[in-house]
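Listed below are the residues making up each chain.
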Amino acid sequence: MVKLTGLKKIKTAVFISGNGSNLKNLIKFSKKKNSPISIDLIFSNTSKAKGLRFSNQFNIRKYVSSFKNYKTAEVKILNLLNKESIKFICLAGFMKILSKNFIKKFSGKIVNIHPSLLPKYKGLDTHIKAIQNKDKVAGCTVHFVTAKLDSGKIILQKEVKISKKDTYTSLAKKVLRQEHKLYPAAIKKVFN
Ligand code: GRF
């Protein structure tokens with residue numbers, strides 16, 4: 001576990017690729033007194049990520065670098081993270097897979113939120129799979145990131161009931177609402 005040293009908040013980067021609702025939620029959480037982290041950098045692999053707008057809104061530095069050549073991209077990001085003294089990374093809808101080398105450099109300091117009850121439904125299309133399989137519950141998981149996709153140690157999970165009326169979209173909305181509660185709680189757990 002990562003230990004909180006002193007009273008300073010841990011400088012954190014959030015990696016996104018899309019809407020950034022978890023990013024916005026984490027930024028709001030980070031401003032609370034009881035948050036162990038501050039959000040100091042937003043990274044995206046695409047300039048199309050809607051969540052990048054929170055950079056202006058909350059005055060947080062943003063950085064975009066395509067992962068077309070992931071080695072070059074990762075070297076650039078690692079340099080920036082170093083320069084900005086970033087000590088913790090939250091993946092929030094980040095659609096690229098980080099290399100073993102990158103993860104090693106931030107070993108035990110990268111967490112991810114995944115929209116299923118891991119180890120069930122690693123990878124993409126979790127809600128479609130849950131509906132197709134007529135599951136009774138879905139949910140979300142915050143876990144440490146390791147070189148194996150969606151397989152690191154689980155920090156917290158939250159179940160969400162699937163009703164007969166649920167569609168992929170309604171389920172995704174229900175789960176996302178829970179993600180917004182789960183991610184801050186998991187971060188508090190990591191630093192306690
Ligand atoms: C969330 O469902 C998250 O669990 C998954 O991607 C989605 C990102 O949503 N990894 P947002 O960009 O935070 O709104």
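Residue numbers run consecutively from 1 along every chain, following the written order of its sequence. Reporting of local features is limited, given that this is a predicted model, to residues whose pLDDT is at least 70; pairs of side-chain atoms are given and counted only at 80 or more, and all residues count toward the totals for whole chains, interfaces and linings. Calculation of side-chain values draws on the structure's entire complement of heavy atoms; hydrogens and water are dropped beforehand.

Observations concerning helix α6 (residues 168-190)
Condition: Strands here are runs of E lasting at least two residues and helices are runs of H or I lasting at least four, both read from the DSSP assignment and numbered beginning at the N terminus. Helix span is expected to be 1.5 Å times the residue number reduced by one. To obtain the bend at a residue, axes are fitted to the seven residues ending there and to the seven starting there, and the angle between these axes is taken. Relative accessibility thresholds used throughout: buried, under 20% of the residue-type maximum; exposed, over 50%; partly exposed, between the two (1.4 Å probe, protein chains only).
When the terminal C-alpha atoms of α6 are compared, their 31 Å separation across 23 residues agrees well with the 33 Å that a helix rising 1.5 Å per residue should span. At Glu 179, α6 shows its largest bend, some 25°. Those residues of α6 that sit buried are Leu 171, Val 175, Gln 178, Glu 179, Leu 182, Tyr 183, Pro 184, Ala 186, Ile 187 and Val 190.

Some points on the sheet that holds strand β1 (residues 10-16)
The line we're drawing: A pair of strands is treated as paired once DSSP finds two or more bridges between them. Orientation is described by axes fitted as lines to C-alpha atoms, over the contacting stretch for helices, and by angles from 0 to 180 degrees between their N-to-C directions. Whether two residues touch is decided by their heavy atoms; if any such pair falls within 4.5 Å, the residues are in contact.
In spatial order, the strands read β3-β2-β1-β4-β5-β6-β7; together these seven strands make up an open sheet with mixed pairing. Sheet topology places β3 (61-64) and β7 (154-161) at the edges, where each strand pairs with a single neighbour. The mean inter-strand angle of the sheet, taken between neighbouring strand axes irrespective of direction, is 20°. Looking at chain direction, strand β6 (residues 137-144) and β7 are connected through seven bridges and run antiparallel. Within β7, the position partnered with Cys 140 by the bridge is Lys 158. In the packing of helix α3 (residues 70-83) onto the sheet, contacts are made with β1, β2 (37-44), β3 and β4 (88-91), and the angle to β3 comes to roughly 165°. Taken strand by strand, α6 contacts β2, β4, β5 (110-114), β6 and β7, and its axis lies near 155° from that of β7.

Details of the site of the ligand
What counts is decided by this rule: Residue proximity to a molecule or strand is established when one non-hydrogen atom of the residue lies within 4 Å of it. Here the open area of atoms and residues is found with the Shrake-Rupley method and a 1.4 Å probe, where only the protein chains shown may cover a residue. A 1.4 Å probe that fits but cannot get out identifies a cavity on a 1 Å grid over protein atoms alone, an open set with protein on both sides within 12 Å along at least five of seven lines counts as a pocket, and a residue lines either if it has an atom within 4 Å of a point. Should more than half of a molecule's atoms lie within 2 Å of a pocket's or cavity's grid points, that molecule is taken to sit in it. Put simply, Ala, Val, Leu, Ile, Met, Phe, Trp, Tyr, Cys and Pro go in the nonpolar bin, Asp, Glu, Lys and Arg in the charged bin, and everything else, Gly too, in the polar bin.
Close to the ligand lie Asn 19, Gly 20, Ser 21, Asn 22, Gly 93, Ile 113, His 114, Pro 115, Leu 176 and Glu 179, which account for all nearby residues. Look at the ligand: alone it shows 370 Å² of surface, and the protein chains cover 81% of it. Given that more than half its atoms are within 2 Å of the pocket grid, the ligand belongs to the largest pocket. Looking at the shell around the ligand, the elements that each hand over two or more residues are α1 (21-30), β5 and α6. Of the residues assigned to the shell around the ligand, the class counts are three nonpolar, six polar and one charged.

Describing the nonpolar core
Note the cut-off: In this description, a nonpolar core means a group of buried Ala, Val, Leu, Ile, Met, Phe, Trp, Tyr and Cys residues linked to one another through side-chain atoms lying within 4.5 Å.
Membership of the largest hydrophobic core comes to 37 residues, with the highest contact counts inside it found for Phe 88, Tyr 183 and Ile 187. Ranked by the residues each element gives to this core, the list is headed by α6, at seven residues. Beyond its immediate sequence surroundings of up to four residues, Ile 187 is in contact with Leu 26, Phe 29, Pro 36, Ile 37, Phe 88 and Cys 90. Core analysis: the second largest hydrophobic core is formed by 20 residues, Phe 67, Ile 86, Phe 102 and Ile 103 among them.

Describing the state of the cysteines
For the record, the criterion: Count a disulfide wherever a pair of cysteine sulfur atoms falls within 2.5 Å.
Counted by the stated rule, this structure contains zero disulfides. Of all cysteine sulfurs in the structure, the one in Cys 140 sits closest to Cys 90, which takes part in no disulfide; the separation is 15 Å. Judged by its relative accessible area of 0%, Cys 90 falls in the buried class. Judged by its relative accessible area of 0%, Cys 140 is buried.

Considering the packing of aromatic side chains
Geometry of an aromatic ring pair is reported as the spacing of the ring centres plus the angle between the planes. Convention followed: Between 30 and 60 degrees the pair is tilted, below 30 it is stacked and above 60 it is edge-to-face, where a pair is any two Phe, Tyr or Trp rings, Trp via its six-membered ring, whose centres lie within 6.5 Å.
For the coordinates displayed, the defined rule picks out 10 aromatic pairs. Here Phe 43 and Phe 67 contribute two aromatic rings whose centre-to-centre distance is 6.2 Å and whose plane-to-plane angle is 50°, an arrangement assigned as tilted. Of the two residues, Phe 43 is situated in strand β2 and Phe 67 in the loop between β3 and α3; the sequence distance between them amounts to 24 residues. Owing to a relative accessible area of 0%, Phe 43 belongs among the buried residues under this scheme. Linked through ring pairs, Phe 15, Phe 43, Tyr 63, Phe 67, Phe 94, Phe 102 and Phe 106 together constitute an aromatic cluster.

Purely geometric numbers; function is a separate question.
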